[in-house]
Amino acid sequence: MKFSEQLEARYSEMLTHYPVKRSLLVPFLLYIQDEFGYVTDDSIEEIAKRLEISPLEVRNVISYYSMLRTKPSGKYNVQVCTNICCQLRGGEEMLGHVREKLGVKVNKEVTSDGIFSVEEVECIGACSWAPAMQVNYDFHENLTPEKIDQILDEYRQKAVQE
Amino acid sequence: MADVTQNATENVTLTVNGRTISAPKGTLLIEACKQHGIEIPAFCYYPGLSLQGACRMCLVEIEKMPKMQTACTTPIAEGMVVQTESEKVVQARKATLELLLANHPLDCPVCDAGGECELQDMTYKYGAGESKFIDIKSHRDEQQWSPIVFYDRPRCILCYRCVRVCGEGMDVWALGIQNRGQGSVIAPNKGDSLDCEECGMCIDICPVGALTSASYRYKTRPWEMTHVGTVCTHCGDGCVTTVGVRRSETGSEIVRCDNRDRSGINVDFLCIKGRYAYDFAANPERITTPLIKRDGKFVSATWSEAIELVAAKFRETLAASGPQSIGVIGSNRTTNEENYLLQKFARTVLGTNNIDHHRTADFPSFARAIAANKAQTASMSEVATAPAILLIGSDPTEQHPLLAWQIRTAVRRRSSRLYVVNANEIKLTRQASHIAKIAIGTEADFVSYLSGNTAAAANLGTAPEVLEKLRDALSAESGLIIVFGPELRGEAIDALVSYGSRIGAKFICLADYSNSRGAADMGLYPDLLPGYHAIAGSSRSALAWASKVPATPGFDLTRMLDGAASGAVQALWVVGSNPAARYPENTAFSRPFLVVQDMFLTETAQHADVFLPAAFAYEKAGTMTNTCGDLQRLKKASDVHGVKSDFEIIIRIAEKIGADVNELVPFRGHTFADAGQSRGAQSGEADRNAVFTEARGLASRTSPLDPLITLDEISKLVPGYAVSRLDLAAGNMQRTELVQIEPAGIPSHPEMVEPAGNALFTSGTLGRYSTTLNSVVEKHRNAIEPIEAD
Amino acid sequence: MANLVSHPDEVKVVSRRFGQGATNLDRYLELDGYKAVRKALEMGPDAIINEMKASNLRGRGGAGFPTGMKWSFVPKQSAKPKYVLCNGDESEPGTCKDRLIFEHDPHSVIEGAMIAAIAVGAHAAYIYIRGEYRYLLEIMQKAIADAYARGFCGKNIFGSGYDLEVYWHGGAGAYEVGEESALMESLEGKRGIPRIRPPFPAVVGLWGGPTVINNAETLASVPHIILMGGKQYAEIGVERNGGTRLFSLSGHVERPGVYELPLGFNLRKVIYEVGGGIANGHKLKAVVPGGSSVPCLKPEEIDVALDFDSMMKAGTMLGSGGIVVIDDHTCIVKFALRTIQFYRHESCGWCIPCREGTDWLSKSLRRFHAGAGVAQDIDNIRYLAENMLGRTFCPLGDAAAMPIIGFIKKFREEFEAHLDGRPCPFGQHAASALPVLSH
Ligand SMILES: Cc1cc2nc3c(=O)[nH]c(=O)nc-3n(C[C@H](O)[C@H](O)[C@H](O)COP(=O)(O)O)c2cc1C
Ligand code: SF4
Ligand code: SF4
Ligand code: SF4
Ligand code: FES
Ligand code: FES
């Protein structure tokens with residue numbers, strides 16, 4: 001099991017933040033996820049070993065946080081907020097639109113080409129600019145169906161180009 | 001959590017429900033109330049485990065607090081005014097139960113916990129009977145996590161007791177909590193399975209039926225069983241285990257073992273063996289009729305045929321070749337009464353000192369050292385509260401699970417210091433404040449180093465600073481308990497006890513089997529009588545029957561086997577022991593007339609001329625002494641048709657040989673009537689007693705088959721065994737002592753000690769017949785993953 | 001990146017550097033940056049705390065606890081190291097204001113945290129930012145690195161001899177982790193389960209050391225207070241409620257956005273003047289004035305001053321300052337359902353009333369809104385919510401129960417209109433796939 005140089009550097013830096021090693025776990029798991037697409041079994045074993053905790057402990061933590069996953073998502077994870085402020089301004093319709101456009105039905109479903117996954121999420125802190133969504137870490141706000149079409153097309157293009 | 005009340009001297013006074021109560025400062029409100037008979041309901045609170053505040057069942061009103069408070073997390077304070085049953089409190093409990101029951105499957109009629117479920121009890125009490133919930137319950141399928149453990153999430157109320165007992169209590173940490181909110185589940189450490197010590201602590205502590213055991217699930221209901229508290233038959237620690245029995249075609253079968261009444265020295269604890277390894281009793285290979293070998297083949301016989309044959313052969317041998325030609329090998333698992341009787345029979349009826357047993361610790365040296373130094377031995381209970389413990393050798397986690405639990409408890413709850421001196425990396429080093437890893441076989445050198453011989457340090461292979469630190473820290477300890485394994489024998493024990501007694505330490509000498517200590521104390525030695533009176537010494541006259549004992553020591557086990565092989569020993573009687581498994585090459589077993597008393601056709605029994613099917617610990621009454629010297633009552637729980645207790649078998653052989661049974665077991669005129677304890681719940685046995693005594697004109701208030709009469713003799717004649725029958729009958733442990741022993745002339749034979757080599761999932765020959773233990777061993781063997789190729 | 005709005009009634013204190021390029025350290029310095037921390041070093045702990053007390057600053061995270069007092073609870077002597085922890089987990093629905101501070105003025109949070117550390121004698125401060133705010137975490141990482149590069153953080157800050165480390169830390173998706181004791185657990189690398197209190201964080205906090213935990217906006221206000229003086233800051237607001245606050249205005253208003261207004265500002269004015277009134281020419285039906293966790297107000301109840309005490313008197317709470325405006329075309333039952341689904345999804349699951357209560361409420365409300373409600377449901381729902389209130393392990397249970405009780409109390413007729421198999425009067429179906437936790 002190998003982490004990239006970047007991830008190793010991140011790890012070494014974060015180790016210096018805390019008096020107790022395991023404290024880096026939550027943010028570091030997210031960095032692991034960024035590198036591998038999800039938190040893999042191997043990386044669970046690896047991080048457990050490094051932090052001298054059991055893999056079970058790591059899994060307990062992973063399963064608590066809604067952003068962490070142990071299965072792959074799409075390359076672009078589209079996270080549409082339907083919480084109250086977004087709901088008031090059409091969040092559910094936006095979610096419906098994204099799903100329809102990408103042809104997915106259930107929560108967290110990945111499109112067959114693996115480019116997208118669609119997740120309904122809780123408030124992402126864009127309430128004053130509702131409805132809103134995040135694609136991976138990017139915010140997209142004041143959404144309309146047209147805007148969504150344009151955003152998704154751009155991501156699709158990016159994926160195809162890579 | 002730390003035991004906050006241990007050093008408290010100050011008392012705090014408060015008012016609960018209008019009553020003034022007081023308790024030591026730092027006591028939790030829930031405990032203070034309990035001490036005064038005020039019960040506050042609790043799911044997540046469990047004494048000795050960390051606090052959770054999760055279930056909210058214990059909410060109470062406290063004056064001046066705007067919200068209700070959890071009694072399980074609130075320490076008492078002076079002048080506190082508390083209401084534990086106000087309308088508001090009762091409503092809160094009711095609502096919490098309603099909430100719990102919303103998603104609870106309500107499959108009580110089939111649930112294992114039905115009848116002993118804390119959720120049922122509370123619902124009954126707080127009447128959340130009618131359900132407001134009409135939506136669909138969340139469902140998840142039941143999962144099997146290990147050969148032992150099953151988990152049913154819908155029944156789980158998430159009290160986290162299992163997680164804590166496994167982690168904090170067992171130091172295994174195999175259970176976790178995953179997901180969150182309503183999705184929360186208890187999760188095992190290997191994704192969908194468990195890799196753990198399989199102790200079942202989690203199952204036992206579960207207040208509902210969410211965790212169940214493979215061996216008991218869906219088998220019966222608690223009220224259909226009779227529950228009998230007796231002593232575990234496996235290791236030398238002496239846990240009390242409550243045996244649940246149910247009538248069956250073959251007598252009464254054991255359906256489960258647990259420690260629900262928590263009355264034993266083990267309080268909450270049982271390991272996998274005490275809890276699940278009872279199943280060998282019903283192993284199909286168990287023999288329940290006497291067998292006689294004819295033309296190289298075993299044929300079934302009646303008890304009288306078999307007994308008569310044995311008696312006749314013994315008589316013949318005695319007449320032809322004298323008492324030296326008979327050898328007796330006793331057991332580590334039979335009761336004190338049986339062991340006492342066996343050696344008394346050998347010595348006074350057969351007239352031989354050729355008696356021994358499989359020694360797993362050097363108790364003669366220990367007894368000599370304790371007596372010579374007027375030192376104290378420590379009880380198992382004391383370990384849990386000892387401020388400091390020195391452990392030399394052994395791996396208690398594997399070989400003495402209860403001891404390991406006690407040590408962990410001391411460290412966790414009392415912040416006690418643990419000193420580990422071992423040649424191996426044992427698990428308990430995780431609790432240790434000082435660790436000295438020494439070279440294999442240098443335990444005696446370590447003792448020598450401790451006693452002031454600094455040169456001995458050279459052999460240990462341990463850094464001198466480590467040793468010095470450890471030695472200096474030790475010498476500053478008061479209230480130390482020194483525990484040592486079979487690595488220490490002979491003079492090393494004398495040296496250790498002499499060192500320890502100078503700093504006021506108490507001692508525990510570890511032996512492997514459930515009654516190894518009892519076998520030693522009861523004199524299953526060729527050169528020692530009960531109470532370690534040397535055969536050749538003068539103190540033996542204290543034993544009333546000593547005059548009948550031959551004056552010279554007999555053969556020890558090795559010499560008996562040699563004798564058997566050479567023909568010098570012509571009859572060998574093996575009671576509950578399997579020496580052939582340890583000496584597989586030895587021809588000793590096929591030559592002499594061999595009588596074996598056992599449950600199975602073991603390696604030894606295969607050679608037998610007569611096989612007598614014996615009852616095992618849970619099928620008889622008596623006492624056992626654990627490795628610490630704690631004496632406890634065995635109560636008869638189950639019964640299998642056809643078998644007899646070793647006690648009865650000995651008596652029957654004695655009778656047939658023509659011995660005066662009343663001299664062996666002075667039952668005539670004995671004041672204690674057997675109040676049925678020795679017969680267990682089974683009326684059949686009472687009848688058998690009656691038939692026996694009637695038929696022989698011995699009708700009396702007491703029976704020669706009542707081992708408690710022998711206990712009375714033991715407590716009169718064996719030094720250190722003057723225990724209270726009344727306390728014992730009440731189920732209390734009684735301490736035996738070694739200080740009253742006459743140390744002079746106690747011979748020591750360190751070379752005769754041979755540890756059993758049992759581990760957590762093994763238990764000598766017996767363990768091999770336990771399906772549960774085998775399945776766990778099998779699973780762990782398979783779990784050893786191939787080494788990853790790089 | 002969120003767009004900025006402005007209104008003449010605003011009083012810009014915390015937001016005064018927004019849109020000014022203050023993420024750049026030089027720019028921040030030009031705008032009086034890191035002056036306050038130097039001043040604080042000269043003042044010393046007692047004077048800082050007195051100034052904070054005089055400012056009447058109350059915590060901007062939700063509970064409104066007086067900040068100066070909180071700092072004064074930290075023991076002067078401690079065997080274990082003391083810490084400052086900035087709560088940037090901002091996850092309360094309706095709240096998006098810490099986000100702007102991190103985006104536009106990250107150094108103000110660092111500086112505020114440093115002053116808090118000096119005040120309580122801590123030598124390390126952690127800035128915790130929710131995982132979804134990755135771009136803000138990156139801004140913060142750069143800001144901290146810049147500050148270190150100038151020697152503002154680390155050993156011997158500003159030549160004072162005082163050592164003070166500042167670290168960033170990120171979350172990974174959990175509302176409950178905003179609760180202060182769960183926040184510490186999360187920072188320690190654990191599940192976000194709250195701790196038993198007492199002991200309170202000021203006495204036993206991070207890794208067992210005394211810890212001050214403040215919201216990002218609270219800390220960002222601190223440098224301004226030190227520079228302008230506590231008394232002057234207090235005067236911006238009203239009695240016992242000093243200064244200004246960032247209000248996140250959302251929902252059915254013409255001009256949603258984050259506005260900085262003095263405490264005590266009138267709620268009606270916020271909606272109709274600052275926010276430009278109800279959008280689409282609709283009418284106001286209800287306001288959730290302090291983030292999703294507080295009881296709503298009806299149109300006739302909105303002439304109320306936005307400060308902690310007045311809101312309490314009005315039967316609701318100022319909370320996180322998230323004002324959610326609901327128009328008369330909205331189904332309150334559906335809104336209630338979405339609200340409770342949030343809490344069900346975010347309940348940490350530790351205690352029975354919250355875990356089971358949010359589940360039960362959300363199941364019942366879902367069925368109810370779908371037209372399968374029975375009359376008894378309405379009372380049941382209220383009974384359940386009332387029986388969660390004050391009984392849970394942490395305030396999340398209250399946060400879930402309070403709005404539901406409010407909706408039923410104030411809009412009972414709308415619940416009744418859903419009965420007897422009738423479809424939602426607003427034709428609004430709950431489309432949400434939540435809350436199915438599928439890990
Ligand atoms: C469920 C829950 C979630 C919370 N979320 C946040 C949050 O996201 N940000 C925040 O600053 N405070 C949040 N709080 C309040 C914190 O517990 C704490 O009171 C606050 O951070 C203290 O800072 P302050 O005094 O500066 O307001 C939350 C509280 C609860 C009960
Ligand atoms: S059986 Fe024992 S070791 Fe295994 S999970 Fe349960 S408590 Fe832990
Ligand atoms: S399995 Fe049993 S002991 Fe464990 S959390 Fe659930 S109810 Fe409690
Ligand atoms: S620790 Fe020993 S005595 Fe106790 S249950 Fe296990 S084997 Fe039996
Ligand atoms: S409610 Fe959607 S971002 Fe806050
Ligand atoms: S017993 Fe007190 S909260 Fe569970």
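Preceding this section is the structure that the text describes.
Numbering of residues starts from 1 in every chain and runs along the sequence as written. Written order decides the labels, with chains lettered from A and ligands numbered from 1. In view of the model being predicted, local features appear only for residues whose pLDDT reaches at least 70, and side-chain atom pairs are presented and counted only at 80 or more, with totals across whole chains, interfaces and linings using the full set of residues. As a convention, hydrogens and water are excluded, and side-chain values are obtained from all of the structure's heavy atoms.

K.L.:
Tell me about the site of ligand 1, and name the residues and values.
P.N.:
Residues and elements named next belong to chain C. Throughout, near means a residue has at least one heavy atom within 4 Å of the molecule or strand. The local shell around ligand 1 holds 19 residues, among which Gly61, Lys70, Asn214, Asn215 and Thr218 are the closest. The definition of a polar contact used here is a pair of N or O atoms within 3.5 Å, where within protein one atom must be able to donate a hydrogen and the other to accept one, and adjacent residues in sequence count solely through side-chain atom pairs. In this structure, Lys70 approaches ligand 1 through a side-chain N or O atom, which is 2.8 Å from an oxygen atom. Side-chain polar atom of Asn214 to an oxygen atom of ligand 1: 2.8 Å apart, as the coordinates give it. Protein burial of ligand 1: of its 610 Å² of free accessible surface, 91% is covered by the chains. Under the convention used here, a 1.4 Å probe and the Shrake-Rupley method define accessible areas, while residue burial counts only the protein chains that appear.

K.L.:
Just give me the short version of the interface of chain C and chain B, but keep the residues and values in it.
P.N.:
We call two residues contacting when some pair of their heavy atoms lies within 4.5 Å. Contacts between the two partners involve 35 residues from chain C and, on the opposite side, 37 residues from chain B. Buried area between chain C and chain B, both sides added, is near 3200 Å², and the carbon and sulfur share of it is 55%. For salt bridges, the criterion is a side-chain nitrogen of Lys or Arg within 4 Å of an Asp or Glu carboxyl oxygen. Here chain C is connected to chain B by three salt bridges. Arg180(B) is paired through a salt bridge with Glu346(C); the nearest N and O atoms lie 3.0 Å apart. Once two parts are joined, some of their accessible surface, as seen by a 1.4 Å probe, is lost; buried area is that loss totalled over both.

K.L.:
Provide a residue-level description of unusual backbone geometry, including the pertinent values.
P.N.:
Between Ala130(A) and Pro131(A) the backbone carries a cis peptide bond, its omega angle lying at -5°. Secondary structure is summarised from DSSP: a helix means a run of H or I of at least four residues, a strand means a run of E of at least two, and numbering begins at the N terminus for each. By the element assignment, Pro131(A) lies in the loop between strand 3 (116-121) and strand 4 (133-135). Along the chain, Pro198(C) connects to Pro199(C) via a cis peptide bond; the corresponding omega equals 0°. The backbone of Glu198(B) sits at a positive phi, close to 55°, despite the residue not being glycine. Structurally, the position occupied by Glu198(B) is in the loop between strand 9 (185-188) and helix 5 (201-205).

K.L.:
Explain the side chain of Lys298(C) residue by residue, including any values.
P.N.:
Residue and element names in this part refer to chain C. Along the polypeptide, Lys298 turns up in the loop between strand 8 (284-288) and strand 9 (305-306). Buried within the structure, Lys298 lacks any salt-bridge partner; Glu413 is the closest side chain of opposite charge, at an N-O distance of 4.4 Å. Excluding its chain neighbours within four sequence positions, the residues that come into contact with Lys298 are Lys285, Lys410, Phe411 and Glu413. A simple rule labels every residue: compare its accessible area, found with a 1.4 Å probe on the protein chains alone, to the largest value its type can have, and call it buried under 20%, exposed over 50%, or partly exposed in between. By the counting rule applied here, Lys and Arg register as positive and Asp and Glu as negative, while His and the ends of each chain are not counted.

K.L.:
For the sheet that holds strand 14 (residues 291-294) of chain B, give the residues involved together with the corresponding values.
P.N.:
Residue and element names in this part refer to chain B. A pair of strands is labelled paired if DSSP reports no fewer than 2 bridges between them. The sheet built from seven strands is open, its strands ordered 15-14-28-27-26-16-17 with mixed pairing. Taken across any chain shown, the strands that pair with only one partner, and hence form the sheet edges, are strand 15 (297-300) and strand 17 (355-356). Bridge analysis of strand 14 against strand 28 (residues 610-613) gives two bridges, and the strand direction is antiparallel. Among the inter-strand pairings, Leu291 is bridged to a residue of strand 28, identified as Phe611.

K.L.:
Which residues make up the site of ligand 2, and what values go with them?
P.N.:
Neighbouring residues of ligand 2: Cys166(B), Val172(B), Leu175(B), Leu194(B), Cys196(B), Glu197(B), Glu198(B), Cys199(B), Gly200(B), Met201(B) and Cys202(B). Broken down by class, the residue content of the shell around ligand 2 amounts to eight nonpolar, one polar and two charged. Classification used: nonpolar for Ala, Val, Leu, Ile, Met, Phe, Trp, Tyr, Cys and Pro, charged for Asp, Glu, Lys and Arg, polar for all others including Gly.

K.L.:
Please provide a residue-by-residue account of helix 6 (residues 106-120) of chain C, values included.
P.N.:
For helix 6 of chain C, built from 15 residues, the straight-helix expectation of 21 Å at 1.5 Å per residue is met to within 8% by its first-to-last C-alpha distance of 22 Å. Just downstream of helix 6 of chain C lies Gly121(C), where phi reads positive at about 80°. Expected helix span is given by 1.5 Å per residue-to-residue step, counting one fewer step than there are residues.

K.L.:
Pulling in residues and values, what's your account of the pairing of strand 29 (residues 622-625) of chain B?
P.N.:
All names here are of chain B. Residues Gly622 and Met624 line one face of strand 29 and the alternating positions Thr623 and Thr625 line the opposite face, and both faces are buried. Taken together, the four bridges between strand 29 and strand 30 (residues 630-634) define a ladder with antiparallel strand orientation. Pairing of Thr625 across the sheet is with Leu631, part of strand 30. Two successive antiparallel strands, strand 29 and strand 30, enclose a turn made up of four residues, where Gly629 displays a positive phi of approximately 95°.

K.L.:
Before we move on, can you summarise a nonpolar patch on the surface with the specific residues and values?
P.N.:
A grouping of Phe65(C), Met69(C) and Phe73(C) is seen on the molecular surface, where their side chains present a nonpolar patch of about 270 Å² in accessible area. Inspection of the secondary structure assignment puts Met69(C) in helix 4 (residues 67-72). Patch members must show over 30% relative accessible area and no salt bridge, and they are joined within 9 Å when carrying like charges or within 5 Å when they are nonpolar side chains of Val, Leu, Ile, Met, Phe, Trp or Tyr.

K.L.:
Tell me about the sheet that holds strand 4 (residues 211-215) of chain C, residues and numbers included.
P.N.:
Residue and element names in this part refer to chain C. Taking strand neighbours across the sheet as the criterion, the four strands line up as 3-2-1-4 in an open arrangement whose pairing is parallel. Pairing within the sheet leaves two strands with one partner each, and these edge strands are strand 3 (165-170) and strand 4. Each adjacent strand pair in this sheet contributes to an overall mean axis angle of 20°, direction not counted. The strands that helix 9 (residues 216-228) touches are strand 1 (83-88) and strand 4; relative to strand 4, the one it contacts most, it runs at about 95°. To obtain an axis, a line is fitted to C-alpha atoms, over the contacting stretch when the element is a helix, and the angle between two such axes runs from 0 to 180 degrees between their N-to-C directions.

K.L.:
Any details on the packing of aromatic side chains? Residues and values, ideally.
P.N.:
Each pair of aromatic rings is reported with the distance of its centres and the angle of its planes. Each Phe, Tyr or Trp ring (for Trp, its six-membered ring) is paired with any other whose centre lies within 6.5 Å, and the angle between the two planes then decides the class: stacked below 30 degrees, edge-to-face above 60, tilted in between. Enumeration according to the criterion identifies 36 aromatic pairs over all chains in this entry. Judged by centre distance (5.6 Å) and plane angle (55°), the rings of Phe314(B) and Trp573(B) are tilted. Of the two residues, Phe314(B) sits in helix 7 (residues 303-321) while Trp573(B) sits in strand 26 (residues 571-575), which places them 259 residues apart along the sequence. On the basis of relative accessibility, which here comes to 0%, the residue Trp573(B) falls in the buried class. In this scheme, the term charge over a ring applies when either NZ of a lysine or CZ of an arginine sits within 6 Å of the ring centre and within 35 degrees of the ring normal. Here Arg10(A) stacks its cationic end above the ring of Tyr31(A), 4.2 Å away from the centre of that ring. The side chain of Arg217(B) reaches across the aromatic face of Phe150(B), ending 3.7 Å from its centre.

K.L.:
Hey, could you go over the interface of chain C and chain A for me, with residue numbers and the actual values?
P.N.:
Contacts between the two partners involve 70 residues from chain C and, on the opposite side, 50 residues from chain A. As a salt-bridge pair, Asp34(A) and Arg134(C) come within 2.8 Å of each other at their nearest N and O atoms. Summed over the shared surface of chain C and chain A, the number is 27 residue pairs in polar contact (both at pLDDT 80 or more). Looking at the side of chain C that touches chain A, the elements that each hand over two or more residues are helix 5 (98-104), helix 7 (134-149), strand 3, helix 8 (180-187), strand 5 (244-251), strand 6 (257-262), strand 10 (322-327) and helix 13 (332-346) of chain C. Considering every element that reaches the side of chain C that touches chain A, the biggest residue donor is helix 13 of chain C, with eight residues.

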